[in-house]
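Below, each chain spelled out in residue letters.
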Amino acid sequence: MTHPRPPRKPSSPRTAAAPAHQKAVVVSDEAKEGLGWLHTAKFLTSASKISQLPQGDMPEIAFVGRSNAGKSSAINTLAQQRQLAFASKTPGRTQLINLFTLGPREAPDAFFADLPGYGYAAVARGKKLVWQKVMADYLEVRRALMGVVLMIDSRHGFTPLDLQLMDFIAQRVKTGEIKLLVLLTKADKLTKTEAKQAIEGASAVLADFTTDDSDIAVTLFSSMRRVGVEDVAEQMIAWKKAMPERVHFELPPMPEGEGGEAVDDEDFEDDEA
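Residues numbered from 1 in each chain as written. Predicted model: local features only at pLDDT ≥ 70, side-chain atom pairs only at ≥ 80, totals over all residues. Heavy atoms only, no water.

Novice: So what exactly am I meant to see when it comes to helix α2 (residues 71-79) here?
Specialist: Structurally, the α-helix is built with 3.6 residues per turn, so residues lying three or four positions apart point the same way. Taking burial as the measure, the nine residues of α2 include eight buried ones, the bulk of the element. Taken together, the buried positions of α2 are occupied by Lys71, Ser72, Ala74, Ile75, Asn76, Thr77, Leu78 and Ala79. Tucked into the core, α2 has its buried residues touching α1 (29-38), β3 (60-65), β5 (110-114), β6 (145-153) and α6 (229-242). Positive backbone phi, approximately 55 degrees, marks glutamine 80, located one or two places after α2. (Buried < 20%, exposed > 50% of the residue type's maximum accessible area, 1.4 Å probe, protein only. Helix = DSSP H or I, 4+ residues; strand = E, 2+ residues; numbered from the N terminus. Contact = heavy atoms within 4.5 Å.)

Novice: What exactly am I supposed to notice about the sheet that holds β6 here?
Specialist: What holds strands together in a sheet is hydrogen bonding between their backbones, with the strands either parallel or antiparallel. Spatial ordering of the open sheet is given by β1-β4-β5-β3-β6-β7-β8, a layout of seven strands whose pairing is mixed. The sheet terminates laterally at β1 (42-47) and β8 (216-220), the two strands that pair on one side only. Each adjacent strand pair in this sheet contributes to an overall mean axis angle of 20 degrees, direction not counted. Helix α4 (residues 160-174) rests against β3, β6, β7 (179-185) and β8 of the sheet, and its axis sits at about 155 degrees to β6. In this fold α6 packs onto β3, β6, β7 and β8, with an angle of close to 165 degrees to the strand it touches most, β7. (Pairing = 2+ DSSP bridges. Axes fitted to C-alpha atoms, helices over the stretch in contact; angles between N-to-C directions.)

Novice: Whenever I open this one, the pairing of β3 confuses me. Can you help?
Specialist: Both faces of the sheet carry side chains from a regular strand, because those side chains alternate between them. Counting buried residues along β3, six of its six residues qualify, which places the element largely inside the surrounding structure. Alternating residues of β3 divide into Glu60, Ala62 and Val64 and Ile61, Phe63 and Gly65, and every residue in both groups is buried. Pairing between β3 and β5: four bridges, direction parallel. Bridged to glutamate 60 within β5 is phenylalanine 111. Of the strand pairs in this sheet, β3 and β6 are connected by six bridges, and their pairing is parallel. Opposite alanine 62, over in β6, you have valine 148 as the bridge partner.

Structure follows, in structure tokens:
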């Protein structure tokens, strides 16, 4: 009987407890290349329905996570742009899939998809069900989706809602159709012992989704202290190099009155926190 490979763990994760002057951080060539690619991110369009997204085979990487998991902060940090992804002060006000291009302006080679945050207690059940349906459809059937970056608050680990989202992508992850990177956010708030426990806890959950064909990784992350930024950049450039060649895509007209503003405010706590 063969056993599934455990998710890859980050080597020597950095912690916020170490003074910055103790040791200079060496950035690899792969991380530099990845950060350069991520810096090209530009807002393209917003969509409330899958049918409003561009058609074609441009590879997409989706960022998903609970509404207070630090998703917008992570996107802005990785792209080295302060307001690429906006945070709303009103929970649930804007629930759209926000799409960004990556690569040269005239010939982009991939999309970032910033999916609506989930988990606010203040949002009406009817709206929650609508968002859930849109996200489930996107994650289960979006042909161009090739990678998912899932934000998990490192202090809480996987919640029932996070596991429900994992169910949406489970089959595609197990077959290797979708690559998965789990970011344990707000890692600057953890002690070394807590950080180790967070990695072990997430790895135990992800073991149920790991097969010989899957590509799953987990790393500590902090936008505030830049923990894990280079690790993510290396992962992203590796994903880029594994992407198929760019093909033509068709962009439908943006629905009138809709613009891109991702919901995600780290100061809010929700019913699952």
